[in-house]
Every structure is written in structure tokens, then in C-alpha cells.
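A closer look at the structure
The chain contents come next:
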Amino acid sequence: MSLSQLAKSINESPTLKLNETAALLREKGEPVIHLGGGEPKSKAPIDAIINCTSLLNTGEVRYTPPDGIPALKKSVIRYTEEHYHKVVTADNVLCSGGAKQALMVLLHAILDPKEEVIFPAPYWVSYPEMVKLAGGVPVPVTAEDGTFYPSVKEITDAVGSYTKAIILNSPNNPSGAMYSRDFVAEIVDFCEKKSIYLIMDDIYNRLVFEGKNAPICYDFARTPLEQSKLVVINGVSKMYAMTGFRIGWAVANSELTEAMGNIQSQQTSGPAAPSQWAAVGALNGVQSSVEALRMTLENNRNVMLERLEAIPGVKVTKPEGTFYCFPDFSAYMKDSQKLANFLLQKVRVVSVPGKEFGFEGHLRLSYCGTMKDITEGLERIQWALDPNSANELYLGDRKLVRDWL
Ligand code: PMP
Ligand code: GLU
């Protein structure tokens with residue numbers, strides 16, 4: 001078969017693939033615990049459902065403006081005012097099929113061939129592939145000291161004449177690390193001085209623990225939005241547990257959002273109308289579900305941390321937000337792919353290998369599932385790795401006896 005060089009160079013999203021792997025095993029009756037997922041298990045807010053079904057009930061589900069319906073743009077404007085203390089206009093907003101599409105059209109709109117995009121490692125699995133899809137070159141930056149926090153110097157040292165943008169995802173998928181106010185302030189300042197795009201992927205910025213708040217990039221920006229290369233990406237997927245609706249957005253200068261809208265109009269047209277109305281419902285409706293989710297996640301995180309700390313040799317950094325934990329299992333196996341396969345084969349626990357996030361020796365474990373998933377999943381992992389744990393383990397009614405260590 002003759003495929004393009006581009007198609008041959010792009011890997012499938014490993015996080016989405018693992019959802020399929022878990023579902024297939026479950027269909028076969030396997031007692032799988034999915035700690036690899038990237039979506040909260042709570043229900044979408046009722047206001048989202050009401051708005052969406054109201055449109056469906058009319059039977060008139062049509063194309064929308066390619067950059068989003070005015071009602072959704074208005075909701076995003078209000079959201080930006082409330083949570084970023086920033087006044088923007090409808091021309092500064094582009095609504096897309098998920099934050100993923102907003103990022104993709106953004107990269108298409110700013111990158112010329114071979115231009116580079118810098119992002120800290122560990123990074124979300126899709127950044128390198130998206131940059132490549134848009135003809136650019138991904139440049140991950142790993143902290144010399146082995147932490148999840150590259151210094152400003154490490155990031156800025158990676159900047160060269162081909163650098164077009166820096167992406168910051170804070171709190172971070174997969175580590176849960178949140179960059180400090182000082183760090184964000186210095187990067188905003190640096191990008192303004194160098195005239196480099198700064199893309200803030202804020203998709204997890206409401207899911208932050210211990211009473212902290214994610215730093216707001218606009219607090220440090222001096223350039224007015226219309227001249228600024230600062231872009232904020234967000235969406236309803238994570239904070240409202242609405243991953244399947246596929247609604248995200250970008251806030252940027254109007255020349256850029258117009259270019260992104262043009263690209264989107266040729267690529268997919270506007271996002272699905274029922275989903276846009278659902279997002280309006282979520283953004284304008286009762287907001288208690290966001291705090292309820294945040295509190296549940298914080299509790300889940302604490303339990304997961306406790307269980308991980310009980311496994312000898314596992315090093316774990318406390319996530320400050322998101323619903324991921326990214327422990328270091330290299331004391332057991334350095335190759336994270338092999339370790340993830342081992343855990344899946346032996347104890348039917350799905351995890352995502354650190355390699356996919358540019359960080360070997362680690363596994364990404366999600367705590368967005370049920371408490372039972374977390375406690376049972378971690379019990380199974382401990383049993384599989386720690387030779388001092390009990391000799392037997394039950395997976396449902398199947399008895400396992402340790403015979404491989
Ligand atoms: N950014 C990050 C860091 C993510 O983890 C995700 C998860 N899918 C996205 C963007 C995209 O989210 P969505 O397309 O569902 O809005
Ligand atoms: N962002 C989530 C994750 O990292 C969802 C899957 C995806 O879009 O890759 O698992």
C-alpha cells in the first residue's frame with residue numbers, strides 16, 4: 001500500500017488505544033482494571049444534557065459557523081472573564097472539536113516547515129505527533145535533575161532561530177506537576193521579548209489540589225491581546241467530564257483565531273451543534289459538579305499515593321493537579337513498555353508506559369476511576385512486583401500464584 005511519508009511517521013494515540021485494549025479484554029470477560037484512562041467517570045452536568053436534548057428535540061441540527069455558535073463564544077468570553085480576569089471579544093475565540101482540534105488548527109496556523117515547538121517532558125503523548133502533522137519539529141526538554149520541572153534556563157536554552165512556540169501544560173499530563181507563578185511569569189516574559197508563541201494548555205487548570213490555583217498567564221503579560229502571541233487552550237472534556245462531546249476552544253489575537261477558523265472551515269466545519277449547545281449548558285449552568293469532581297480526585301489521589309508509597313522502591317512525586325500520577329518504577333523494570341505489558345498480562349491492570357510521554361522508567365496511573373479501581377489496581381500492582389506481598393491473589397474468582405519472581 002502506498003501511504004504518505006507523513007502518515008508513516010505518525011503513531012496512533014497510545015492513550016486512546018489503551019481504552020480499546022481495556023474494552024476488548026472486558027468484552028472477553030477479563031477482570032481488567034483500567035488505570036490508563038484519561039477521562040473522569042462522573043456524568044455530564046444536567047444543564048449540558050438539557051441544552052443538548054433541547055436542540056435534538058427540534059430535529060433541526062444544522063451546520064454552525066465554522067468557529068463556533070455565538071452562544072458558545074459568549075460563554076467562553078464569560079468564562080475567561082471569571083477565571084482569567086481577562087476581557088476578550090468573540091473575535092478572540094475559536095471553538096473546536098475538543099482542545100485537541102484547537103491545538104491542531106493552531107499548529108497548522110503558526111508553523112512553517114521545520115519550525116520547532118518546545119515543550120517540557122514528560123509531555124502529553126499527542127504534542128510530538130501534532131507538531132509533526134503540522135510540518136514542524138517537536139523539541140522536548142527534560143530537566144537535568146530528573147524532576148518534572150525543567151528550569152526556565154533549560155527551556156530557554158532550547159530556543160533557537162527555528163523556534164516558533166513553547167507549549168506549557170500545567171498542571172501536567174502525565175505528571176500532575178503544576179508550574180510555579182514565577183516560572184510561568186518568566187516564560188511569558190521571555191516569549192514576549194523573543195516574539196515566540198506561548199501556548200498554555202489549561203485543560204486541567206481547574207482540577208488542582210490543596211486549595212491552590214493554577215497561575216494565570218495573563219497576569220504576567222504586558223502586550224495587549226491583539227498584538228500578543230499568547231494562546232490559551234481549554235475545553236469541557238476534563239472539568240465537566242464531557243470528553244465524548246468533543247468541545248474545546250482557543251483564546252488568542254483575532255488575526256490568529258481568524259486564520260485558525262479558516263483552516264477549521266476547510267477541515268471539519270464547525271464542531272457538532274448538539275455538543276456546542278451542551279458546552280453552553282455546562283459553562284452557564286450550575287457549577288457545583290466541577291468542585292465535586294475536584295474533591296473526589298483529590299481524595300483519589302491521596303489514596304493512590306498512600307498505596308504507591310507502600311510499594312518498596314517505587315518513587316512517587318505528589319501530583320498537584322489533574323487525575324494522573326507518574327511514579328518511577330525503574331527499581332523493578334527500566335523499560336516502561338515491558339513493565340506495562342507485564343502488569344497487563346499478569347494482573348490485568350492497564351497503565352500507560354512513561355516512554356510514551358518521553359520519560360522512561362515511569363508509568364502513568366489514572367485516579368479518575370472508582371475508589372475500588374484504585375485500591376484493587378494498586379493491590380494487584382504491589383502483588384505483581386513486591387515479592388514480600390502474599391503469595392496468592394484473586395482476580396475475581398481466578399486464583400493467581402506468584403511464580404515468576
Ligand atoms: N491537552 C491535554 C494535556 C490532554 O491531556 C488532553 C486530553 N485529551 C487534551 C489536551 C485534549 O482534550 P480534548 O480534545 O478532549 O478537549
Ligand atoms: N488526554 C487523555 C489522555 O492522555 C485522553 C486520551 C487522548 O486524547 O490522548 O489519556
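Residues numbered from 1 in each chain as written. Chains lettered and ligands numbered in written order. Predicted model: local features only at pLDDT ≥ 70, side-chain atom pairs only at ≥ 80, totals over all residues. Heavy atoms only, no water.

**A short note on the overall build of the protein chain**
The number of helices and strands found in the protein chain is 13 helices and 14 strands. The C-alpha atoms of the protein chain give 21 Å as radius of gyration, which agrees with the globular expectation for 405 residues (22 Å, within 12%). Along the first, second and third principal axes, the C-alpha atoms of the protein chain reach 65 × 55 × 55 Å. For the protein chain, with 405 residues in total, the buried portion stands at 54%. If the 41 positive side-chain charges of the protein chain are averaged to one point and the 46 negative ones to another, these points end up 4 Å apart. (Helix = DSSP H or I, 4+ residues; strand = E, 2+ residues; numbered from the N terminus. Rg over C-alpha atoms; globule rule 2.2 N^0.38 Å. Buried < 20%, exposed > 50% of the residue type's maximum accessible area, 1.4 Å probe, protein only. Lys, Arg positive; Asp, Glu negative; His and termini not counted. Charge placed at Lys NZ, Arg CZ, Asp CG, Glu CD.)

**Some thoughts on the pattern of salt bridges**
As enumerated under the stated definition, the model contains 19 salt bridges in all. A salt bridge links D189 to R222, with the shortest nitrogen-to-oxygen separation between them at 3.9 Å. Here R222 lies in the loop between β6 (197-201) and β7 (230-235) and D189 lies in helix α8 (residues 181-194), a separation of 33 residues in the sequence. Bridged by salt links that share partners, the residues E30, R348 and R398 form one connected network. (Salt bridge = Lys/Arg side-chain N within 4 Å of Asp/Glu carboxyl O.)

**Considering the packing of helix α5 (residues 98-110) against helix α9 (residues 254-267)**
Running from N to C, α5 and α9 cross one another at 110 degrees; their axes reach a closest spacing of 9 Å. Considering the angle they form, α5 stands roughly perpendicular to α9. Between α5 and α9 the crossing geometry is right-handed. Across from Q101, A102, V105, L106, H108, A109 and I110 in α5, the residues of α9 making contact are L256, A259, M260, I263, Q264 and Q267. Partitioning the contact of α5 with α9 into residue classes produces nine nonpolar, four polar and no charged. (Axes fitted to C-alpha atoms, helices over the stretch in contact; angles between N-to-C directions. Parallel < 35°, antiparallel > 145°, perpendicular 65-115°, else oblique. Left-handed = near helix turned anticlockwise from the far one by under 90°. Contact = heavy atoms within 4.5 Å. Nonpolar A, V, L, I, M, F, W, Y, C, P; charged D, E, K, R; others polar.)

**As for the site of ligand 2**
Around ligand 2, the surrounding shell consists of S13, T15, L16, G38, K100, W124, N173, Y204, K238, Y324 and R364. With respect to ligand 2, the side chain of N173 contributes an N or O atom lying 2.9 Å from an oxygen atom. Here an oxygen atom of ligand 2 sits 2.8 Å away from a polar atom, N or O, in the side chain of R364. Within the complex, 88% of the 280 Å² of free accessible area of ligand 2 lies under protein. The residue makeup of the shell around ligand 2, split by class, is four nonpolar, four polar and three charged. (Near = heavy atom within 4 Å. Polar contact = N/O pair within 3.5 Å; in protein donor to acceptor, adjacent residues only side chain to side chain. Areas by Shrake-Rupley, 256 points an atom, 1.4 Å probe, with all protein chains shown as cover.)

**Description of the site of ligand 1**
Around ligand 1, 13 residues are found, and the nearest of them are A99, N173, D201, Y204 and S237. Contact distances for ligand 1 include 3.0 Å between an oxygen atom and a backbone N or O atom of K100. The separation between an oxygen atom of ligand 1 and a polar side-chain atom of Y204 is 2.6 Å. Burial of ligand 1 by the surrounding chains reaches 94%, relative to a free accessible area of 390 Å². If you tally residues by element for the shell around ligand 1, the top one is α5, at three residues. Residue composition of the shell around ligand 1, by class: five nonpolar, four polar and four charged.

**Thoughts on the packing of aromatic side chains**
Taken as a whole and judged by the stated rule, the model has 15 aromatic pairs. Aromatic pair Y149 and Y179: ring centres 6.4 Å apart, planes at 85 degrees, arrangement edge-to-face. Taken as a pair, Y149 in the loop between β4 (137-141) and α7 (152-157) and Y179 in the loop between β5 (163-169) and α8 lie far apart in primary sequence, 30 residues in all. Measuring from centroid to centroid gives 5.7 Å for F326 and F357, while their planes differ by 80 degrees, and the two rings are edge-to-face. Pair noted here: F326 is in the loop between β9 (324-325) and α12 (336-347) and F357 is in the loop between β11 (352-353) and β12 (363-366), with a separation of 31 residues, a long-range link. When the ring centre of Y197 is taken as origin, the NZ or CZ atom of K229, which lies over that ring, is 5.2 Å away. Lying across the ring of W383, R402 places its NZ or CZ 5.1 Å from the centre. (Phe/Tyr/Trp six-rings, centres within 6.5 Å; stacked < 30°, edge-to-face > 60°. Lys NZ or Arg CZ within 6 Å of the ring centre and 35° of its normal.)

**Examining the pairing of β12**
Along β12, one buried face is formed by L363 and L365 and the opposite face, lined by R364 and S366, is buried too. Where β9 and β12 come together, two bridges link them in antiparallel fashion. Looking at β12, one finds that Y324 is bridged to S366. Sheet topology note: the β11/β12 ladder contains two bridges and is antiparallel. Note on β12: the bridge partner recorded for V352 is R364. (Pairing = 2+ DSSP bridges.)

**Focus: the sheet that holds β9**
Judged by pairing direction, the sheet is antiparallel, and its three strands sit side by side in the order β9-β12-β11 without closing on themselves. In the strand order of this sheet, the two ends are held by β9 and β11, each with one partner.

**Thoughts on the packing of α5 against helix α6 (residues 126-133)**
Two numbers describe how α5 lies on α6: the axes approach to 9 Å, and their chain directions differ by 40 degrees. As far as their axial angle goes, α6 and α5 are oblique. Where α5 crosses over α6, the two elements pack in a sense that is right-handed. Where α5 approaches α6, its residues K100, L103, M104, L107 and H108 are matched on the opposing element by S126, Y127, M130, V131 and L133. Class assignment for the residues of the contact of α5 with α6 results in seven nonpolar, two polar and one charged.

**Re helix α4 (residues 70-84)**
Relative to the 21 Å expected for 15 residues at 1.5 Å per residue, α4 spans 20 Å between its end C-alpha atoms, a close match to the ideal helical length. Every buried residue of α4 is accounted for by L72, K73, S75, V76, I77, Y79, T80 and Y84. Of the residues one or two after α4, H85 is the one with positive phi, at around 50 degrees. (Expected span 1.5 Å × (residues − 1).)

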